[in-house]
Amino acid sequence: MEIFLEKKPRYGIEVENLQQLNQILNSVTLSQTRDYWTWNGDLFSVSKARKLIDKHDLSPHVNVTKWCNQAPIKINIFIWRLKLCRLATKKNLIARGIEIENSGCCLCEETFEDENHIFLHCDTSHQIWSKVAQWTNISLPSWSSLANLWAWIDSVPIRKNRRLIVTIIIYATLWNIWRLRNSIIFEDTKFRKSHVIDSIVVSSFNWIYARFSKSSCNWNQWLQYPLHSL
Ligand SMILES: [Zn+2]
């Protein structure tokens, strides 16, 4: 390869640098194909880079950073905190040395409030999950822990779009249970138990509707057969 320079190198270091540059360029072979980024011998993509980082740096909590693009950011952050046990449940507040008057579940007032109880084992949550199962016509298992719930979402044998809808509905259910719990603690009378199911149906529809083509998502169908909506 020949190099054309406007100004010739004059001194030792310049000549030396030019020789080194020549050596480097001599090993380069140009081709007619279009330029592209490579990554480990394969085409580069952000998702591949992300997977590699997750695999190396986040392997113990790889599920934690799994983002659901169809859910709003605040919901993803809520789920992320829930997976990391960082929600301000009474159990977590006590673990951080914060004194609270009553450590019981505010939904049933019967037992200690931790994540598994408030979202899965509490009577009120049971009732909410069974109404969600009735609406969606999905047979939801009785998860023994939230870890089981995350694993179930990933493994339930349904096709991709339906898994997405199920994920969104489960996120909406968890979010609204948490809203109900907070409305009781902070005495917000605007959100009551009777509002929870309606709010799950409406919020999950809005999240899906905002991110898919409007024609593929229909409100009447969502009310009756949510799993067939995409
Ligand atoms: Zn309870």
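Keep in mind the model is a prediction, meaning the values are calculated, not measured.

Criteria and thresholds
Residues numbered from 1 in each chain as written. Predicted model: local features only at pLDDT ≥ 70, side-chain atom pairs only at ≥ 80, totals over all residues. Helix = DSSP H or I, 4+ residues; strand = E, 2+ residues; numbered from the N terminus. Rg over C-alpha atoms; globule rule 2.2 N^0.38 Å. Buried ≥ 20, exposed ≤ 12 C-beta atoms within 10 Å, placed from the backbone. Contact = placed C-beta atoms within 7 Å. Core = buried A, V, L, I, M, F, W, Y, C linked by C-beta atoms within 7 Å. Axes fitted to C-alpha atoms, helices over the stretch in contact; angles between N-to-C directions. Parallel < 35°, antiparallel > 145°, perpendicular 65-115°, else oblique. Left-handed = near helix turned anticlockwise from the far one by under 90°. Nonpolar A, V, L, I, M, F, W, Y, C, P; charged D, E, K, R; others polar.

### A closer look at the overall build of the protein chain
And step 1. The helix and strand tally for the protein chain stands at ten helices and two strands.
And step 2. Taken against the 2.2 N^0.38 rule, which gives 17 Å for 230 residues, the C-alpha radius of gyration of the protein chain at 27 Å runs more than 25% over that of a compact globule.
And step 3. Dimensions along the principal axes, computed over C-alpha positions, put the protein chain at roughly 85 × 50 × 30 Å.
And step 4. Within the protein chain, the fraction of its 230 residues that count as buried is 17%.
And step 5. Contacts spanning at least 24 positions in sequence make up 48% of the contacts within the protein chain whose residues lie at least 6 apart.

### Regarding the nonpolar core
And step 1. By size, the foremost hydrophobic cluster in this structure holds 26 residues, and its most contacted members are Ile168, Ile169, Tyr171 and Leu174.
And step 2. At the level of secondary structure, the elements contributing two or more residues to this core comprise α3 (73-83), α5 (115-121), α6 (123-136), α8 (160-185) and α9 (196-211).
And step 3. Considering each element in turn, this core owes the most residues, ten residues, to α8.
And step 4. The contact partners of Leu174, leaving out residues within four places of it in the chain, are Leu82 and Phe119.

### Overview of the packing of α8 against α9
And step 1. Their axes nearest at 9 Å, the elements α8 and α9 cross at an angle of 135°. As judged from the angle between their axes, α8 and α9 are oblique. Note on packing geometry: the crossing formed by α8 with α9 is right-handed. Seen from α8, the contacting residues are Ile165, Ile168, Ile169, Ala172, Thr173, Asn176 and Leu180; seen from α9, they are Val196, Ser199, Ile200, Ser203, Ser204, Trp207 and Ile208.
And step 2. Looking at the contact of α8 with α9 residue by residue, the class counts come to nine nonpolar, five polar and no charged.

### Regarding the environment of Trp150
And step 1. With respect to the secondary-structure elements, Trp150 resides in helix α7 (residues 146-155).
And step 2. On the basis of neighbour counts, which here come to 18 C-beta atoms within 10 Å, the residue Trp150 falls in the partly exposed class.
And step 3. Considering only alpha carbons, one finds Trp150 and Arg163, 13 residues apart in sequence, at a separation of 12 Å.

### Let's talk about unusual backbone geometry
And step 1. Its identity as a non-glycine residue notwithstanding, Glu109 has a phi of 55°, on the positive side.
And step 2. Structurally, the position occupied by Glu109 is in the loop between α4 (90-95) and α5.
And step 3. Residue Glu109 is classed as exposed on the basis of its 10 C-beta neighbours within 10 Å.
And step 4. The backbone of Asn137 shows a phi angle near 60°, a positive value even though the residue is not glycine.
And step 5. Tracing the backbone shows Asn137 in the loop between α6 and α7.
And step 6. Judged by C-beta crowding, with 11 C-beta atoms within 10 Å, Asn137 ranks as exposed.

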